[in-house]
Amino acid sequence: MQDKTFEQFEKELENGFQVYFTYVRNRYLVFKTSDNCYTQKLISKNDKNPQPKISMITRKRLHEIYPFMEEVEYKVRVMEE
């Protein structure tokens, strides 16, 4: 993630992107839920390092893990009417 700043990343989440990434050998999906609130879903499972399947995280936590994200993929979030 060295080619983008956190502010650019945050703006992309604000604009409706979903982001898949690897963090500490686990695969996650993150998207913006509301102001200062993001949903983080565990996509892969590592039995030696159990993690919650879904969690709500703050902007501060997202900023903390941002430099360590690997294998980042963007997808457009489809809004249901």
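Once a new chain begins, its residue numbering starts again from 1 and follows that chain's sequence as written. Totals for whole chains, interfaces and linings use all residues, but because this is a predicted model, local features are given only for residues with pLDDT of at least 70 and pairs of side-chain atoms are given and counted only at 80 or more. Hydrogens and waters are ignored; side-chain quantities use all the structure's heavy atoms.

## Some remarks on the environment of Asn 15
Inference 1: Here Asn 15 shows up in the loop between α1 (6-14) and β1 (17-23).
Inference 2: According to the relative accessible area criterion, Asn 15 is exposed, its value standing at 55%.
Inference 3: Along the backbone, Asn 15 and Val 76 are 61 residues apart, and their C-alpha atoms lie at a distance of 9.1 Å. Only DSSP runs of H or I with at least four residues qualify as helices, and only runs of E with at least two residues qualify as strands; both kinds are numbered from the N terminus onward. Buried, partly exposed and exposed residues are distinguished by accessible area as a fraction of the type maximum, computed with a 1.4 Å probe on protein chains only: under 20%, between the cut-offs, and over 50%, respectively.

## Examining the sheet that holds strand β3 (residues 37-42)
Inference 1: Pairing between strands requires that DSSP locate at least two bridges from one strand to the other. Pairing within the open sheet is antiparallel, and its 5 strands lie in the order β4-β3-β2-β1-β5. Bordering the open sheet on either side are β4 (54-57) and β5 (70-76), each of which pairs with just one other strand. Going from strand to strand, the sheet's axes swing by 25° on average, the running direction of each strand aside.
Inference 2: Of the strand pairs in this sheet, strand β2 (residues 26-34) and β3 are connected by 6 bridges, and their pairing is antiparallel. Bridge pairing in β3 places Tyr 28 opposite Leu 42.
Inference 3: The contact definition used throughout considers only heavy atoms, calling two residues in contact when any of these lie within 4.5 Å. Working convention: axes come from line fits to C-alpha atoms, limited for helices to the stretch in contact. Angles between N-to-C directions cover 0 to 180 degrees. Taken strand by strand, α1 contacts β1, β2, β3 and β5, and its axis lies near 65° from that of β2.

## Thoughts on the packing of aromatic side chains
Inference 1: Pairing of aromatic side chains here covers Phe, Tyr and the six-membered ring of Trp, requires ring centres within 6.5 Å, and sorts the geometry by plane angle: under 30 degrees stacked, over 60 edge-to-face, intermediate tilted. Per the counting criterion, the structure on display carries 5 aromatic pairs.
Inference 2: Pairing Phe 6 with Phe 9 gives two aromatic rings, centres 6.3 Å apart and planes at 45°, and the pair type is tilted. Here Phe 6 and its partner Phe 9 are both found in helix α1, 3 residues apart, which amounts to about one turn of the helix. The same class applies to Phe 6 and to Phe 9, which are both buried.
Inference 3: Taking the centre distance of 4.9 Å and the plane angle of 40° together, the rings of Phe 9 and Tyr 66 count as tilted.

## Observations regarding the pattern of salt bridges
Inference 1: Just to be clear on terms, a salt bridge is a Lys or Arg side-chain nitrogen sitting within 4 Å of an Asp or Glu carboxyl oxygen. Within this structure, the stated rule accounts for 6 salt bridges.
Inference 2: For Lys 4, the salt bridge is made with Glu 12, and the minimal N-O distance between the two is 2.6 Å.
Inference 3: Assessed through its relative accessible area of 24%, Lys 4 is described here as partly exposed.
Inference 4: Here Lys 32 and Glu 14 are joined by a salt bridge, their closest N and O atoms 2.7 Å apart.

Distances and angles like these do not, on their own, reveal function.
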